[in-house]
Protein chains: 2
Amino acid sequence: MSEHSFTIDSSSPINPHSQRLAHIRQQILSLFLNDSEFVETILGTADEHARLSDTELHTKTKTVKELLTDLHAADLADMLEALPYDERLALWHLIDNHQRGEVLVEASVSVWDSLIKDMSDKELLRAVASLHVDEQAYIAEHLPRDTMRRLLTYLEPSLRNRIRTVLQYPGDSIGQMMDFEFVTVRSNVSLKTVQRFLRYRSNIPEATDKIFVIDSSNILQGELPLTTILTQSPDKLVSEVMKTEPVTFLPDEKGEDAAGAFERYDLISAAVVDNNGRLLGRLTVEDIVDNLNEESEENIRRMGGLSPEEDVFAPVGQAVRNRWAWLAINLCTAFVASRVIGVFEDTISQLVALATLMPIVAGIGGNTGNQTITMIVRALALHQIQKGSFSFLLLRELGVAFINGVVWGGIMGVVTYLLYGDMAMGAVMTLAMVLNLLMAAMMGVLIPLTMIKLGRDPALGASVMITAITDTGGFFIFLGLATLFLV
Amino acid sequence: MSEHSFTIDSSSPINPHSQRLAHIRQQILSLFLNDSEFVETILGTADEHARLSDTELHTKTKTVKELLTDLHAADLADMLEALPYDERLALWHLIDNHQRGEVLVEASVSVWDSLIKDMSDKELLRAVASLHVDEQAYIAEHLPRDTMRRLLTYLEPSLRNRIRTVLQYPGDSIGQMMDFEFVTVRSNVSLKTVQRFLRYRSNIPEATDKIFVIDSSNILQGELPLTTILTQSPDKLVSEVMKTEPVTFLPDEKGEDAAGAFERYDLISAAVVDNNGRLLGRLTVEDIVDNLNEESEENIRRMGGLSPEEDVFAPVGQAVRNRWAWLAINLCTAFVASRVIGVFEDTISQLVALATLMPIVAGIGGNTGNQTITMIVRALALHQIQKGSFSFLLLRELGVAFINGVVWGGIMGVVTYLLYGDMAMGAVMTLAMVLNLLMAAMMGVLIPLTMIKLGRDPALGASVMITAITDTGGFFIFLGLATLFLV
């Protein structure tokens, strides 16, 4: 392990570029983490005797600013996310305002609050002024509603209208991901003219692998890849070499659908058009990569019952608020399971071994149920489940559960017999495990499919729900069987 | 819900392209899912009286093949993954052999077995013959070892050596992701010459946004974006306009690090060089998107204790094998937790209410522990945790746990008092919940950090481990306190 950071494997990066970056990053982070006087002086919260002198402050600030010059906005965002609140805010103070907009775009929304809380509207406006419209819209959308409204009034009308247009589409839609940085040409010009036009323009937007061919009413006619311009004869007309029927998207479509199409067709950029085929904007693979990262993040958090917005350095109060809902739900389900046991207190008091054994039945059911539900939820998200294959899946899961129940339930039955010398108790143990595994498998298939039929997200709280059912069901089955056959 | 598929939201795709695709997909899938005679005739497993006549078979086959012509390899792969084994194999039989290689590349490795099991080496070889080297290497790497060896002997020596080179790098390294499809030029030529060369070449590889500038010993000098060729004066030399010091990668670096850099610097393609700066290959954003999708898939499965390779339509036997390890581990931990209860059987027999209440203490600990560990594992993966911030995180989690313990434990203490009329039992309940939540939070932070210090993947089985500890610990704390204060 290196001195200042935990890294997942022991091999340090050998790429000189990433090595240098890691080094700068380390220097800056350790400066802020180990020098509370510096941090407090910047924030103006230092005690009189712990405050740095102006010269010291100036020297240290200069060191940091020199280190910062080489860093990309994304690197700055990463560093901010890796610092606790005070240290983060101190570093933020040292970042030039004209770069702050980009850093905000790159940083996770969960850390925004901690950054912009003491920026004035003017500062915020200046910070976002240099951004692209889609980035400005992205920031506007995630700001507190009143801050956003104030900011919009400061903008010039044409820009304000564009941002309003973008904001009218739902949050995870293509309309909010698209940008307006693209090049268009007409189909009746030659490639030579296109080249002259491009040279005159001199600046082609990033991630441009093609330019869009439109007619006089802005309707998309086709696409002209840059490689076509470079490889085809300059005398040919755009209409002769352009790709007609390109893959396009509508602004109402979901971002994740676009991600699928980009992966499938190996796209770098694609046009966004309205229902009449009019060119509205452009989607690039960069937007898709950002979207994929966000999605994967959210999926992981959602299944475990974590709020998607929690900042790893959120203070205690905020963390409590973020998590209390799932904890309350969990407490309720645990309470219900406990009441099921309560019903059988008579049985337990006659045979206290049951109290010892019952968590095994419940636990193994939870494990099986979670395996099944994880698989089904993923398969649903990937559209792998058709109605015709539903019964196969249910039967397969029941089959797996039955075999596991007989094998592991059988083993636990023998262990129970060896521990307590009671053959009937061993048999009840085996039977209870088989039944609870069957129930876990069945519910693991039925819960996500039912959620979808109800129009709900099947991943949300799936794990909490299945565990609640297998616990309650496990206790009921085991203690119920014991009551019937053992006492 | 539509007739044949479950979709996550009720709005059908409005994009005409995806609509047509979804329709074709639906037609093919339902044909295979609802016509077992067709499937069995193709596979040669039909009973004599259930076999289709040659004419019927011919007509249906023709229908399917016509539907298939419009589909991309990725679409075919998706459909194969969405079909149970027999139906999948039947569809596979109808896919042209020259397209099968691409379909294999696009399909998840978990379904390969079911597809290639009755292909001959010759067929397999023909299927992969038209693929790029990186794709062939990818396929070779995931084939059973003996099939791979036989296949390699069939290839021509130069290709065999290239594939061997790629295979020598570890599985998730950049060396295995890179391709060899790139264009190179020398720095001392003019842009006009470059354009003439490109026009002569006529074919520029996909995802080319730049060409690489190398010297006579193949050392990378810089990069020349296509947009530069298009916007700069044709008389300029490559050396005048090329981008020096580009972001490059080494073949030993991990794929996920490349993903980070691609996202950070908005790359479309990048050079892979050896330690001396010699150009080895190229990495494209397409490889990165594939890699991101695989990663996110694996993360989700890994935390839940599912094998990363499970095919949703795996038959019972295979599914049992895939899952038995986690089930066995779970059974062991449940058994240990159960033995802890066993130690307190005397206490429980005197106060049977304890058996009823103990799952609440254990359950709430598991929930808190899972929230903490999920957050820490994700933050570690994103390199957000530095040594200097470690104590902050531990204290924060303990603080959150303490507040939640006092609030929810207090509520459960009151409920316990109301249920059993025993004030001391309520107090024990509250105290046990506070202590178990504190332990859950502490272990949720310490387990992943310890795993990393031991050089292990912190995500692997994190959820199983924390649940085992909070169960065992929860039972011990609650029953221990009860033994001390209640009986």
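Above: the structure in question.
These numbers were taken from a predicted model, which means no experiment stands behind them. (Residues numbered from 1 in each chain as written. Chains lettered and ligands numbered in written order. Predicted model: local features only at pLDDT ≥ 70, side-chain atom pairs only at ≥ 80, totals over all residues. Heavy atoms only, no water.)

**Quick notes on the sheet that holds strand β1 (residues 184-185) of chain B**
Note on sheets: strands pair through backbone hydrogen bonds, and any given pair is parallel or antiparallel. Residues and elements named next belong to chain B. Spatially, the 3 strands line up as an open sheet ordered β1-β2-β3, and their pairing is mixed. The outermost strands of the open sheet, each flanked by one partner alone, are β1 and β3 (220-225). With 5 bridges connecting them, strand β2 (residues 210-214) and β3 associate as antiparallel partners. Counterpart to K210 in the pairing with β3 is P225. (Pairing = 2+ DSSP bridges. Helix = DSSP H or I, 4+ residues; strand = E, 2+ residues; numbered from the N terminus.)

**A few points about the packing of aromatic side chains**
All names here are of chain B. Summed over the entire model, instances satisfying the criterion amount to 12 aromatic pairs over all chains. Between F32 and F38 the ring centres are 5.6 Å apart and the planes differ by 45°, which places this aromatic pair in the tilted class. With respect to class, F32 is no different from F38; both count as buried. Between F249 and F262 the ring centres are 5.9 Å apart and the planes differ by 20°, which places this aromatic pair in the stacked class. Taken as a pair, F249 in strand β4 (residues 248-249) and F262 in helix α16 (residues 255-265) lie far apart in primary sequence, 13 residues in all. With relative accessibility at 2%, the residue F249 sits in the buried group. (Phe/Tyr/Trp six-rings, centres within 6.5 Å; stacked < 30°, edge-to-face > 60°. Buried < 20%, exposed > 50% of the residue type's maximum accessible area, 1.4 Å probe, protein only.)

**A short note on the nonpolar core**
Among the nonpolar cores identified, the biggest contains 151 residues, and F32, L91 and F249 of chain A together with F32, F249 and L283 of chain B are the most heavily contacted of them. Apart from the residues lying within four places of it in its own chain, the contact partners of F32 of chain B are F38, V39, I42, V64, L83, E87, A90, L91 and L94 of chain B. Judged by nonpolar contacts, the second largest core, of 74 residues, contains A362 and M412 of chain A together with W408 and A482 of chain B. (Core = buried A, V, L, I, M, F, W, Y, C linked by side-chain atoms within 4.5 Å. Contact = heavy atoms within 4.5 Å.)

**Section: the interface of chain B and chain A**
Tallying the contact residues gives 139 residues for chain B and 140 residues for chain A. When chain B packs against chain A, close to 12900 Å² is buried across both sides, 66% of that on carbon and sulfur atoms. At the boundary of chain B with chain A, the tally comes to 2 salt bridges. Residue R323 of chain A is joined to E397 of chain B by a salt bridge in which the shortest nitrogen-to-oxygen separation is 2.8 Å. At the boundary of chain B and chain A, one finds 13 residue pairs in polar contact (both at pLDDT 80 or more). Top element by residues in the side of chain B that touches chain A is helix α20 (residues 353-381) of chain B. It accounts for 19 residues. Among the residues forming the side of chain B that touches chain A, the class breakdown is 72 nonpolar, 40 polar and 27 charged. (Buried area = accessible area lost by both parts, 1.4 Å probe. Salt bridge = Lys/Arg side-chain N within 4 Å of Asp/Glu carboxyl O. Polar contact = N/O pair within 3.5 Å; in protein donor to acceptor, adjacent residues only side chain to side chain. Nonpolar A, V, L, I, M, F, W, Y, C, P; charged D, E, K, R; others polar.)

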